[in-house]
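# Residue-level structure breakdown
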2 protein chains.
Amino acid sequence: MVSERIRQALAGSSAIRAMFIEGKALAEKVGAENVYDFSLGNPATEAPKALNEAIKEILDEEDSLIIHGYMDNSGYEDVRQSVADNLNRRFGTHFNYHNIIMTVGAAGGLNIIFKTILDPGSEVMVFAPYFGEYRSYAANFDGKLVEVFPNTADFQPDMEDFEKKITPKTRAVIVNTPNNPTGVIYSQETMKKIASILCAKEQEYGTDIYLISDEPYRELVYDGAKEDFLTKYYHNTLVGYSFSKSLSLPGERIGYVVVPDEAADSDLLKDGINVSNRTLGFVNAPSLMQKAVARCLEEKTNVGFYDGNRILLYEELTKLGFTCIKPQGAFYLWMKSPVEAEEEFVRAAKKYNILFVKGSAFACPGYVRIAYCVSKEMIERSLPAFKELAKEYGLA
Amino acid sequence: MVSERIRQALAGSSAIRAMFIEGKALAEKVGAENVYDFSLGNPATEAPKALNEAIKEILDEEDSLIIHGYMDNSGYEDVRQSVADNLNRRFGTHFNYHNIIMTVGAAGGLNIIFKTILDPGSEVMVFAPYFGEYRSYAANFDGKLVEVFPNTADFQPDMEDFEKKITPKTRAVIVNTPNNPTGVIYSQETMKKIASILCAKEQEYGTDIYLISDEPYRELVYDGAKEDFLTKYYHNTLVGYSFSKSLSLPGERIGYVVVPDEAADSDLLKDGINVSNRTLGFVNAPSLMQKAVARCLEEKTNVGFYDGNRILLYEELTKLGFTCIKPQGAFYLWMKSPVEAEEEFVRAAKKYNILFVKGSAFACPGYVRIAYCVSKEMIERSLPAFKELAKEYGLA
């Protein structure tokens, strides 16, 4: 006897996760070396050596009772202060530990934000294409997802559709830049425009609208693009961050939320997020890993590794005749399906043991997402298979 | 602008957590050595040495990409199989990795179980006194908590009231033995009686009623009591386990859920719990810590440490004239308040810098909970303060 909601969730479960499992099954059948799995955002470059060293040092140097013990539900104060200091140094912000809540990844962070701000029927706006999990996170708290149509010209948000769909019930707008799935970085112009539209609508409706910046890919930017931090554009910006990609720690579930003092009801928000962390069952971010990331805030993942993959894949697939959006950040290549019904294209690719995710999973049919956070060697091995695929569609 | 639900949650927030924060503030004021904080279940005995060694070995021996990477949302298969093997060896069960889902602590485990089985209005039964967080966990999924009155004779559940309150909407019953806050172990007789009542009611109503065993204190038993595992009593038993107490890792958020094959809709439950782990934002239990506990399943915390505290505190407080339930397990002493309104007693204790939690926080006024998972030396230092408190109430 399972709940009705879960029955529905099982029916429409994550296309990405389904692919992940399919990929593993395929690998057992034809051999891992013959499967080209571009489905999951699971980094193929290791965590910085300093991370594992930091863990060992903490175990040797610090009190075991503290390392593995309870702390405030928002995390260790010294860890939170270190995160604040790091952000202040890099982005000219003025946070202290009160503004930082350590979380069980960005997924945990977004959920405790939503639990804190959403009433039943509250509207959460997303710009298609978007990470499909947002739908579940909003639904967890009876929020209603409102989709802004994709702008397939350059995949910057469609401002006209955005402005039109904001209502008095709009409680939150999610931005995710560098973007999953498109690899596009929202321009400064885009951010300023979003901010000015939100300010005007807040005034018009007399409401607070929170801009929620989901930024696991903050540090993954290419071609000389600068890392950006969005609180400077709009007063009601809340940040959900994850170390999953920047330190290659997706399994560890470690991240943080930022609540600036200038956000409406800031103190109430901080308290609410703290309580939500506890009552939703996270309790606190994993303790040892909090301390470990605090010692590695200046560490970076191997951005060059992703950049090499990006250029290789983009150039080779373009040469084969595929139409791709050139990624500016994150580690996804967004490719136009040669046929409108991209699910057929995904199926065709599977015949050549190539796995990538249909655009419909991101509310943007006609495209596919190729995660290039894989080994370069796998990309190289996959190219003949892509060539066959291109041939099948009369491209190559 | 925070949600109405969070406004309410903030108003009635955890008495235990409030005490924890109060204790820290008091320590800053009068010095940590002069505060006798018995409020929180935060173990004062270290994790076994083997745990920290295991972490280092894993970092040295295993592939960093695997250690910190994504895996199935239910956890690493080898870790889950190790947990199953360990349970089978100790309790004669017949689990394999399919029956085990690694979770972000027991709090995470209970929440994903509830998400999977509760529809709006579903009833969740609890035996007072009970851990107050159950109320939040049920409310997260619009479940309704139904309290069975406390049986203050011996704090075994009141079977008559239990049987009377089961309805066709009863979806779950929580048991927590060894019990927080009373320290009582539910007897085999109790468990058999609960099982027979549930079987009869399932038949009568044609429903499935899940017995959810919340067992963070499973291994903390005294006076020769045997560790028990509840799936043997009743077919529809689901287990939520945590390593927080058994390995002194409360900050690490690591535990597991057991779904036996004989539970109704077992496969659907497993899938639902797996999906809930993802969609609620946990994604998976922290990866390195999964691997670490798998290597330490035969390790035990220092039960003798707690036992020494238990005997010391029970004997001394009894001598001072207080009425206490002698703990059989866990690390809580359940003490009768000398005055009916135990909140007054809690306030009086604070004058002597003694912190413990009011029984009303566990839906059982007239009592207080004293957590003795503290250093023995703190208990010894606290005795003169307890003596003063006893005097104030004309006991000593």
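The shown structure was predicted, so the numbers you read here are calculated from the model rather than taken from an experiment.

### Re the packing of helix α12 (residues 303-319) of chain A against helix α14 (residues 376-392) of chain A
Each pair of packed helices can be summarised by the angle the axes make with each other and by the distance between the axes. Residue and element names in this part refer to chain A. For the pair α12 and α14, interaxial distance at closest approach is 10 Å and the crossing angle is 5°. The angle between the axes of α12 and α14 places the two elements in the roughly parallel class. Every residue of α14 that contacts α12 at Asn309, Leu312, Leu313, Glu316 and Leu317 is listed here: Lys376, Ile379, Glu380, Leu383 and Phe386. Among the residues forming the contact of α12 with α14, the class breakdown is six nonpolar, one polar and three charged.

### Things to note about helix α5 (residues 77-91) of chain B
Each full turn of the α-helix corresponds to 3.6 residues, which orients residues three or four apart in the same direction. All names here are of chain B. The first and last C-alpha atoms of α5 sit 21 Å apart over 15 residues, in line with the 21 Å expected at 1.5 Å per residue. Taken together, the buried positions of α5 are Val79, Arg80, Val83, Ala84, Asn86, Leu87 and Asn88. For α5, the elements touching its buried residues are β2 (100-103), β8 (255-258) and α11 (287-294). Just past α5, the residue Gly92 takes up positive phi, approximately 70°.

### Considerations on the packing of α5 of chain B against α11 of chain B
Residue and element names in this part refer to chain B. Where α5 meets α11, the closest approach of the two axes is 9 Å, and the angle between their N-to-C directions is 35°. Note that α5 runs across α11; the crossing there is left-handed. Between α5, through Asp78, Val79 and Ser82, and α11, the contact on the second element is made entirely by Gln290, Lys291 and Ala294. Of the residues belonging to the contact of α5 with α11, the class tally is two nonpolar, two polar and two charged.

### A word on the sheet that holds strand β6 (residues 210-214) of chain A
All names here are of chain A. Taken together, the seven strands give an open sheet; going across it, the order is β2-β8-β7-β6-β5-β3-β4, and neighbouring strands pair in mixed fashion. Two strands close off the open sheet at either side, each with one partner strand: β2 (100-103) and β4 (144-148). Averaged over all adjacent pairs, the angle separating strand axes in this sheet is 20°, with direction ignored. Across four bridges, the pairing between strand β7 (residues 237-242) and strand β8 (residues 255-258) is antiparallel. Among the inter-strand pairings, Val239 is bridged to a residue of β8, identified as Val258. This element, helix α10 (residues 266-279), spans β2, β6, β7 and β8 of the sheet and lies at about 15° to β2.

### Looking at the side chain of Asn88 of chain B
Inspection of the secondary structure puts Asn88 of chain B in helix α5. When sequence neighbours within four positions are dropped, the list of residues in contact with Asn88 of chain B reads Thr93, His94 and Phe95 of chain B.

### Quick word on the pairing of strand β13 (residues 367-371) of chain A
Residue and element names in this part refer to chain A. A large share of β13 lies buried, amounting to five of its five residues. A two-sided burial pattern is seen for β13, the buried positions comprising Tyr367, Arg369 and Ala371 on one face and Val368 and Ile370 on the other. Bridge count between strand β10 (residues 332-336) and β13: five bridges; the pairing is antiparallel. Paired with Met335 across the strands is Val368, a residue of β13. Where strand β12 (residues 357-358) meets β13, two bridges bridge the pair, whose relative direction is antiparallel. The residue bridging Lys358 from the neighbouring strand is Val368, located in β13.

### Some thoughts on helix α12 (residues 303-319) of chain B
Residues and elements named next belong to chain B. In a regular helix each residue adds 1.5 Å, so 17 residues correspond to 24 Å; α12 covers 24 Å between its end C-alpha atoms and thus fits that length. All of the buried residues in α12 are Val303, Phe305, Tyr306, Asn309, Arg310, Leu312, Leu313 and Leu317. For α12, the secondary structure elements touched by its buried residues are β9 (324-325), β10 (332-336), β13 (367-371) and α14 (376-392). A positive backbone phi angle near 105° is found at Gly321, which sits one or two residues after α12.

### Re the nonpolar core
Generally speaking, nonpolar side chains in soluble globular proteins are found buried as a group. Counting residues in each nonpolar core, the largest one holds 218 residues, and the members touching the most others are Phe38, Phe114, Phe162 and Phe356 of chain A together with Phe38, Phe162 and Phe356 of chain B. The element that contributes the greatest number of residues to this core is α12 of chain A, accounting for seven residues. Residues Leu87 and Val293 of chain A together with Val79 and Val258 of chain B belong to the second largest nonpolar core, which totals 65 residues.

Calculation notes
- Residues numbered from 1 in each chain as written.
- Chains lettered and ligands numbered in written order.
- Predicted model: local features only at pLDDT ≥ 70, side-chain atom pairs only at ≥ 80, totals over all residues.
- Heavy atoms only, no water.
- Axes fitted to C-alpha atoms, helices over the stretch in contact; angles between N-to-C directions.
- Helix = DSSP H or I, 4+ residues; strand = E, 2+ residues; numbered from the N terminus.
- Parallel < 35°, antiparallel > 145°, perpendicular 65-115°, else oblique.
- Contact = heavy atoms within 4.5 Å.
- Nonpolar A, V, L, I, M, F, W, Y, C, P; charged D, E, K, R; others polar.
- Expected span 1.5 Å × (residues − 1).
- Buried < 20%, exposed > 50% of the residue type's maximum accessible area, 1.4 Å probe, protein only.
- Left-handed = near helix turned anticlockwise from the far one by under 90°.
- Pairing = 2+ DSSP bridges.
- Core = buried A, V, L, I, M, F, W, Y, C linked by side-chain atoms within 4.5 Å.

That's the geometry; what it means functionally is another story.
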